[in-house]
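If you want the building blocks of each chain, they are given just below.
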Amino acid sequence: MPFDPNDIMKDRLTDIGPPKYDTFWPPIIKENYGKWKYHEILEPGVLLHVSETGAKLYSVRVGTSRLVSVDYIREVCDIADKYCDGYLRWTTRNNIEFLVTDESKLKLLIEDLKSRGNWFPIGGTGASITSMVHTQGWVHCHTPATDASGVVKAVMDELFEYFGSHKLPAQVRIALACCLNMCGAVHCSDIAILGVHRKPPFIEHERVQNVCEIPLVVASCPTYAIKPKKVGEYKSIEINYERCMFCGNCYTMCPALPIADQDGDGIALWVGGKVSNSRVPPMFSKLAIPYLPNEPPRWPSVVKWVKKIVEVYASDARRYERVGEWINRIGWERFFEKTGIEFRHEHIDDYRLAMTTWRTTTQFKF
């Protein structure tokens, strides 16, 4: 039977793919779908949503980590059962939102969360720093140039005062990607922490022909830096190091091309990106610091410079001004001067055709 867009579940023969989203909605969301008039922030982390029907929904946002234990999830569910009729949601930035329909339970929920110490910090709304989007890092990813969870923990420990308050001129979104393949949001964040490789892959010639499909390895390189080569008695590959941009795509295809390197890997900081259309079009992040070393477990250099950027922005930006808007207003020269960041040759984009071949905005107008 042909697919019917008006009845997408009709004659469905498979359960592949996600369940339909509205099957998990709380009753108040279903009843007021498309009818919400406005929302307001009552205090950091607490929002009131009001419908045209007069219905009210309170959401209490709590910061959490991306990697959590089963015991933690059980505790979260117990809290939701007690105060929210079992309803809650996870946001895309790894926050938990408890959904409260009974106003009399709102204060009790907040008091309960605060009584549990820093396990359930309330905040991350409005002019604050909310939880960081990040990738997988050393825990799981195969091409990381830095860790993810460890860096995020160290940075957020230092910036925690900005999570549960509205001290900043506007919201600040921080993201981390542990390599430039970037399954994080570092291309469009106010402050972005990016893991960078600085050395090309090491070729294990004796293994390549046994564990790799050489045509796939050649095709995986975005800069065409790889070609087949016979090395002694081995069928292997050759890398043009002048073309290599250290992305690690070839290692994804071939485990005989490890790219991780203790001395070469590190972190770059980027600033000024945003997704929203408010005031000015969306902006891409731009390079601030080209390289900082990996310094586990607390990454003091990264923490120092991220905090410095936040503090200078907080003291100098105007109300509602995002980091990128603030930089564009004062100029990049003043940004480097105020933050004390050294301007280096890496900051100069030497691709002379970039302005004629790229769209410089992600804003669409119809």
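Residues numbered from 1 in each chain as written. Predicted model: local features only at pLDDT ≥ 70, side-chain atom pairs only at ≥ 80, totals over all residues. Heavy atoms only, no water.

1. Notes on the packing of aromatic side chains
Inference 1: All told, the structure shown has 11 aromatic pairs when counted by the stated rule.
Inference 2: Ring geometry for Trp332 against Phe336: centres 6.2 Å apart, planes inclined by 40°, an arrangement best described as tilted. Here Trp332 and its partner Phe336 are both found in helix 10 (residues 332-339), 4 residues apart, which amounts to about one turn of the helix.
Inference 3: A relative accessible area of 10% means that Phe336 is categorised as buried.
Inference 4: Through a chain of ring-to-ring contacts, the aromatic side chains of Tyr313, Trp326, Trp332, Phe335, Phe336 and Phe343 assemble into a single cluster.
Inference 5: The cationic tip of Arg198 hangs over the ring face of Tyr291; the distance from NZ or CZ to the ring centre is 3.5 Å. (Phe/Tyr/Trp six-rings, centres within 6.5 Å; stacked < 30°, edge-to-face > 60°. Helix = DSSP H or I, 4+ residues; strand = E, 2+ residues; numbered from the N terminus. Buried < 20%, exposed > 50% of the residue type's maximum accessible area, 1.4 Å probe, protein only. Lys NZ or Arg CZ within 6 Å of the ring centre and 35° of its normal.)

2. Topic: the environment of Tyr241
Inference 1: Mapped onto the elements of the fold, Tyr241 is located in the loop between strand 10 (234-239) and helix 7 (249-253).
Inference 2: Classification of Tyr241 as partly exposed rests on a relative accessible area of 47%.
Inference 3: Taking the C-alpha atoms as reference, Tyr241 lies 11 Å from Thr223; in sequence the two are 18 residues apart.

3. A few points about the pattern of salt bridges
Inference 1: Inspection of every chain in the model, using the stated rule, returns 20 salt bridges.
Inference 2: Lys167 is paired through a salt bridge with Glu161; the nearest N and O atoms lie 2.9 Å apart.
Inference 3: Where salt bridges share partners, they join Arg61, Arg89 and Glu97 into one cluster. (Salt bridge = Lys/Arg side-chain N within 4 Å of Asp/Glu carboxyl O.)

4. Quick look at the confidence of the model for the protein chain
Inference 1: Mean pLDDT for the protein chain: 91, with 94% of residues reaching 70 or above.
Inference 2: Averaged pLDDT values for the elements of the protein chain fall to 58 in helix 11 (residues 354-357) and rise to 98 in helix 8 (residues 300-316). (pLDDT = per-residue confidence, 0-100.)

5. Some thoughts on the environment of Glu242
Inference 1: Note that Glu242 resides in the loop between strand 10 and helix 7.
Inference 2: The class of Glu242 is exposed, set by a relative accessible area of 80%.
Inference 3: With 59 residues separating them along the chain, Glu242 and Ser301 place their C-alpha atoms 29 Å apart.

6. A few points about the pairing of strand 1 (residues 36-43)
Inference 1: Inspection of the sheet shows strand 1 paired to strand 2 (residues 46-51) by 6 bridges, in the antiparallel sense. Residue Glu43 lies in a different strand from strand 2, and its bridge partner there is Val46.
Inference 2: Taken together, strand 1 and the strand that follows it, strand 2, pair antiparallel across an intervening segment of 2 residues, in which Gly45 is found at a positive phi of about 90°. (Pairing = 2+ DSSP bridges.)

7. Examining the packing of helix 2 (residues 70-83) against helix 3 (residues 103-114)
Inference 1: Running from amino to carboxyl end, helix 2 crosses helix 3 at an angle of 155°, the nearest separation of the two axes being 10 Å. Judged on the interaxial angle alone, helix 3 and helix 2 are roughly antiparallel. Both helix 2 and helix 3 take part in a crossing whose hand is right-handed. Between helix 2, through Ile79, Lys82 and Tyr83, and helix 3, the contact on the second element is made entirely by Lys105, Leu108, Leu109, Asp112 and Leu113.
Inference 2: Here the residues of the contact of helix 2 with helix 3 sort into 5 nonpolar, no polar and 3 charged. (Axes fitted to C-alpha atoms, helices over the stretch in contact; angles between N-to-C directions. Parallel < 35°, antiparallel > 145°, perpendicular 65-115°, else oblique. Left-handed = near helix turned anticlockwise from the far one by under 90°. Contact = heavy atoms within 4.5 Å. Nonpolar A, V, L, I, M, F, W, Y, C, P; charged D, E, K, R; others polar.)

8. Let's talk about a negative patch on the surface
Inference 1: Negative charge collects at one region of the surface, where Asp78, Asp81, Asp85, Asp102 and Glu103 lie side by side.
Inference 2: Residue position: Asp81 is located in helix 2.
Inference 3: You can call Asp81 exposed: its relative accessible area is 52%. (Patch = residues over 30% accessible without salt bridge, like charges linked within 9 Å, V, L, I, M, F, W, Y side chains within 5 Å. Areas by Shrake-Rupley, 256 points an atom, 1.4 Å probe, with all protein chains shown as cover. Lys, Arg positive; Asp, Glu negative; His and termini not counted. Charge placed at Lys NZ, Arg CZ, Asp CG, Glu CD.)

9. Side note on unusual backbone geometry
Inference 1: Between Pro296 and the following residue, Pro297, the backbone shows a cis peptide bond with an omega angle of 10°.
Inference 2: Relative to the helices and strands, Pro297 is located in the loop between strand 12 (286-293) and helix 8.
Inference 3: Backbone geometry at Asn94 places phi at a positive 65°, although glycine is not the residue there.
Inference 4: Under the relative-accessibility criterion, Asn94 is labelled buried at 16%.
Inference 5: Of note in this structure, Arg279 is not a glycine but carries a positive phi near 70°.
Inference 6: The topology assignment puts Arg279 in the loop between strand 11 (266-271) and strand 12.
Inference 7: Under the relative-accessibility criterion, Arg279 is labelled exposed at 52%.

10. Topic: the sheet that holds strand 8 (residues 191-196)
Inference 1: Strand order across the open sheet formed by 5 strands is 6-7-8-11-12, with mixed pairing between neighbours. Each edge of the open sheet carries a strand with a single partner, namely strand 6 (133-134) and strand 12.
Inference 2: Bridging between strand 8 and strand 11 involves 6 bridges; their strand directions are antiparallel. Across the sheet, the residue bridging to Gly195 is Ile267, located in strand 11.

11. Things to note about the side chain of Ser189
Inference 1: For Ser189, the location among the structural elements is in the loop between strand 7 (174-177) and strand 8.
Inference 2: Not counting residues within four places of it along the chain, the set of residues in contact with Ser189 comprises Arg173, Ala175, Val271, Gly272, Gly273, Lys274 and Ser285.

12. Examining the side chain of Thr64
Inference 1: Its location among the elements puts Thr64 in the loop between strand 3 (56-63) and helix 2.
Inference 2: The exposure class of Thr64 is buried, given its relative accessible area of 15%.
Inference 3: Here the side chain of Thr64 touches Tyr72 through a polar contact of 3.1 Å, side chain to side chain.
Inference 4: Ignoring any residue separated from it by four or fewer positions in sequence, one finds Thr64 in contact with Tyr72, Trp90, Asn94, Asn95, Ile96 and Ser131. (Polar contact = N/O pair within 3.5 Å; in protein donor to acceptor, adjacent residues only side chain to side chain.)

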